[in-house]
Amino acid sequence: MKMFLQLGLILLAFCMVATALLAYVNSFTKPRIEAIKLKEAADARNELIPDSEFEEITGDLSYYIARDKTTKEIKGYTFTAEQIGYGGPVKTMAAVDKDFKIISIKVIQQTETPGLGTNATLPKFTDQFKGKTLDQLTVDKDGGVPPNAIKALTGATITTRAVANAVKASIDKLRASVSQSPETAALSDSTAALEVAK
Amino acid sequence: MSFIKELTKGIIKENPIFVIVLGMCPTLATSTSVENALGMGMAATFVLVCSNIFISLIKNITPDKIRIPVYVVVIASFVTIVDLSMAAFIPDLHKSLGLFIPLIVVNCIILGRAEAFANKNNVLNSIADGIGMGLGFTLALSVVATIREILGNGTWLNIKVLPETYDPMLITLLAPGAFITLGFLMALMNMLKEKK
């Protein structure tokens, strides 16, 4: 009995030291990691819709409205879509134009199988999303017919679905929230009115 | 003398993949391309050397009965510290190697070397063992990856080596392909050994 207690206490001591070390490392790495992530997200937005300024809208789906830097006209929207893939959540950043047609997408975070699912980050895969509308975001394995569908990655259909379906669901939500928000609807009208007034 | 011996044994004689057959999960996952194999190999070597040093240092204060849980705690904490520090200070390197870090926690080569070597030997020899095993692991991964990448994708280190007309053998990129490749390589190693 005494031996078990002793062993347990020794193990506890090891774990406490380890936990303290981890907490210490976490305390100074966390802010840095978050800052790097924010910067990366901002860079990614700029890459998707260049020469724009972004306004964040939070809600059911958080998204950014991209406006042209000089004319202030709405160029499109960017958002991050997430769905569980084969090895964890797959985060995809996407940009759509005013008519919700995809401008481009970028897989920003994933833990998929190296060599198969990780191919989702390559331009060869993401380029096929360009110009696709909501209805064309069906994976070919699910009955879509290319070119009006997304061609699944070899050996990584689940990853492909995670990307395509997440983007699709988010565009759906985006559509709903943009049409609901009187501000944005009015904005596009008022910019048109401004043009006339000028 | 023994330092050199411990250093070189991991490369061929006690190669962790071909001979000891440890760490099959990361082998399957990261030998799809030479780039991944080198990344995984380097990250694993680094962790292996560090964990061997740690385990060797604490071997006298670790009670025998609970050594395995202690090793698991040490290795998991160490890997997490490496992961967090890399993400915070060298984000570029973390981007390319970060994927492999969590895989290292479940890499049984690390635990295997802690149990079979580091807890019985001094720090210097444990370092040699870690480097040797790490290099052997990297080498074996790269050999498997070379075959899989060339046959499955027609490229080597992302450089096209086979003509466009070559129809890639996709099976080599999938998990069964790793086992088939590994089987042939092990057979080859055994054949060479018997000839001696």
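Note on numbering: residues in each chain are counted from 1, in written sequence order. As a convention, the first chain written is A and the first ligand written is 1, with the rest following in written order. A pLDDT threshold of at least 70 governs which residues receive local features in this predicted model, and a stricter bar of 80 or more applies before side-chain atom pairs are shown or counted, although totals over entire chains, interfaces and linings include all residues. Side-chain numbers come from the whole structure's heavy atoms, not from hydrogens or water.

Student: Give me the lowdown on the overall build of chain B, citing residues and values where you can.
Tutor: In DSSP terms, a helix is any run of H or I states spanning at least four residues, a strand is any run of E spanning at least two, and both are numbered starting from the N terminus. A count of helices and strands for chain B gives 9 helices and 2 strands. Sequence-ordered secondary structure for chain B, helices as α and strands as β, is α-α-α-α-α-α-α-α-β-β-α. Computed over the C-alpha atoms, the radius of gyration of chain B is 18 Å, within 12% of the 16 Å expected from 2.2 N^0.38 for a compact globule of 196 residues. Here the C-alpha coordinates of chain B stretch approximately 60 × 50 × 30 Å along the principal axes. Classification of the 196 residues of chain B by burial places 47% in the buried group. Surface accessibility of chain B: about 9,400 Å² in total, with carbon and sulfur atoms responsible for 72%. Note on method: radius of gyration uses C-alpha positions; expected globular size equals 2.2 Å times residues raised to 0.38. Per-residue accessibility, obtained with a 1.4 Å probe over protein chains only, is compared with the maximum for each type, and a residue is labelled buried under 20%, exposed over 50%, and partly exposed between these values. Here the open area of atoms and residues is found with the Shrake-Rupley method and a 1.4 Å probe, where only the protein chains shown may cover a residue.

Student: Tell me about the confidence of the model for chain A, residues and numbers included.
Tutor: Per-residue pLDDT for chain A averages 85, and the proportion of residues at 70 or more is 90%. When mean pLDDT is taken per element in chain A, strand β4 (residues 89-97) of chain A scores highest with 92 and helix α4 (residues 182-197) of chain A scores lowest with 50. pLDDT is defined as a per-residue confidence score from the predictor, taking values between 0 and 100.

Student: Explain the packing of helix α3 (residues 34-58) of chain B against helix α4 (residues 67-89) of chain B to me, using residue names and the numbers behind them.
Tutor: Residue and element names in this part refer to chain B. Each axis is a line fitted through C-alpha atoms, and for a helix only the stretch in contact is used; angles between axes span 0 to 180 degrees, taken between their N-to-C directions. For the pair α3 and α4, the least separation of the axes is 10 Å and the interaxial angle reads 135 degrees. One element, α3, and the other, α4, form an angle in the oblique class. α3 and α4 meet at a crossing whose hand is right-handed. Listed contacts from α4 to Phe-46, Val-47, Cys-50, Ser-51, Phe-54, Ile-55 and Ile-58 of α3 are Val-70, Tyr-71, Val-74, Ile-75, Phe-78, Val-79 and Val-82. The residue makeup of the contact of α3 with α4, split by class, is 13 nonpolar, 1 polar and no charged. When describing relative orientation, an angle under 35 degrees is termed roughly parallel and one over 145 degrees roughly antiparallel, while 65 to 115 degrees is termed roughly perpendicular and anything else oblique. In this scheme the crossing of two helices becomes right-handed for a clockwise turn of the near helix relative to the far one and left-handed for an anticlockwise turn of less than a right angle. By definition in these notes, contact holds between two residues if any of their heavy atoms fall within 4.5 Å. Three categories are distinguished: nonpolar for Ala, Val, Leu, Ile, Met, Phe, Trp, Tyr, Cys and Pro, charged for Asp, Glu, Lys and Arg, and polar for the others, with Gly belonging to the last.

Student: Go over the pattern of salt bridges, please, and point to the residues and values.
Tutor: Where charged atoms of side chains with opposite charge meet at close range, the side chains can pair. Salt bridge criterion: a side-chain nitrogen from Lys or Arg within 4 Å of a carboxyl oxygen from Asp or Glu. Inspection of the entire model under this criterion finds 13 salt bridges over all chains. Here Lys-75 of chain A ties to Asp-68 of chain A by a salt bridge, and the two come within 3.9 Å at their closest N and O atoms. Between Glu-73 of chain A and Lys-98 of chain A there is a salt bridge, with its nearest N and O atoms 3.7 Å apart. Of this pair, Glu-73 of chain A sits in the loop between β2 (63-68) and β3 (74-84) while Lys-98 of chain A sits in the loop between β4 and β5 (102-109), and the two are 25 residues apart along the sequence. Overall, Glu-73 of chain A belongs to the partly exposed group, its relative accessible area being 38%. In this structure Lys-98 of chain A comes out as partly exposed when scored by relative accessible area, which is 42%. Several salt bridges share partner residues, and in doing so they unite Glu-6, Lys-9, Arg-113 and Asp-129 of chain B into one network.

Student: If you had to explain the state of the cysteines to someone new, which residues and values would you point to?
Tutor: By disulfide we mean two sulfur atoms from cysteines, separated by a distance within 2.5 Å. Taken as a whole, this structure holds 0 disulfides over all chains when the rule is applied. Free of any disulfide, Cys-108 of chain B has its nearest neighbouring cysteine sulfur in Cys-25 of chain B, separated by 8.5 Å.

Student: How would you explain the sheet that holds β4 of chain A if you had to name every residue and give the values?
Tutor: Residue and element names in this part refer to chain A. Pairing between strands is defined by DSSP: at least two bridges between them are needed. With antiparallel pairing, 5 strands are arranged side by side in an open sheet as β1-β2-β3-β4-β5. One side of each edge strand has no neighbouring strand; the edge strands of this open sheet are β1 (52-57) and β5. Between one strand axis and the next, the sheet turns by 25 degrees as a mean value, whatever way the strands run. Across 9 bridges, the pairing between β3 and β4 is antiparallel.

Student: Residues and numbers for the interface of chain B and chain A, please.
Tutor: Contact with chain B, which involves 28 residues of that partner, is made by 25 residues of chain A. Accessible area, probed at 1.4 Å, shrinks when two parts are joined; the buried area is that loss added up over both. Taking both partners together, chain B and chain A bury about 2,200 Å²; carbon and sulfur atoms supply 84% of that area. Where chain B packs against chain A, one counts 0 salt bridges. Think of a polar contact as two N or O atoms within 3.5 Å of one another; within protein, one of them needs to be a possible hydrogen donor and the other a possible acceptor, and neighboring residues in sequence only count if both atoms come from side chains. Linking chain B with chain A are 1 residue pair in polar contact (both at pLDDT 80 or more), by the criterion used here. Taken together, the elements giving at least two residues each to the side of chain B that touches chain A come down to α2 (24-30), α3, α4 and α5 (91-97) of chain B. The class makeup of the residues in the side of chain B that touches chain A is 19 nonpolar, 7 polar and 2 charged.

Student: Give a detailed account of the environment of Ser-170 of chain A, specifying residues and quantitative values.
Tutor: Residues and elements named next belong to chain A. Structurally, the position occupied by Ser-170 is in helix α3 (residues 157-180). Sequence separation between Ser-170 and Thr-80 is 90 residues; the distance between their C-alpha atoms is 8.1 Å. Apart from residues no more than four positions distant in its own chain, Ser-170 is found in contact with Leu-61, Phe-79 and Ala-81.

Student: Give me the side chain of Thr-78 of chain A: which residues, what numbers.
Tutor: As for its position among the elements, Thr-78 of chain A is in strand β3. Excluding residues within four positions of it along the chain, Thr-78 of chain A makes contact with Arg-45, Ile-49, Phe-54, Tyr-63, Tyr-64, Ala-94 and Ala-95 of chain A.

Student: Before we move on, can you summarise the side chain of Asp-129 of chain B with the specific residues and values?
Tutor: Here Asp-129 of chain B is to be found in helix α8 (residues 123-153). When residues no more than four places from it in sequence are discounted, the contact partners of Asp-129 of chain B are Glu-6, Lys-9, Asn-52, Arg-113 and Phe-117 of chain B.

Student: Describe helix α7 (residues 108-118) of chain B, and please don't skip the residues or the numbers.
Tutor: All names here are of chain B. By the burial criterion, the buried members of α7 are Ile-109, Ile-110, Arg-113, Ala-114, Phe-117 and Ala-118. Projected down its long axis, α7 shows its buried positions confined to an angular sector of 140 degrees, all on one face. Close packing links the buried residues of α7 with α1 (2-9), α3, α4, α6 (101-105) and α8. The N-cap of α7, judged by a side-chain oxygen 3.0 Å from the amide nitrogen of Ile-109 a few residues on, is Asn-107. Taken from the helix axis, the directions to the C-beta atoms give the arc we talk about.

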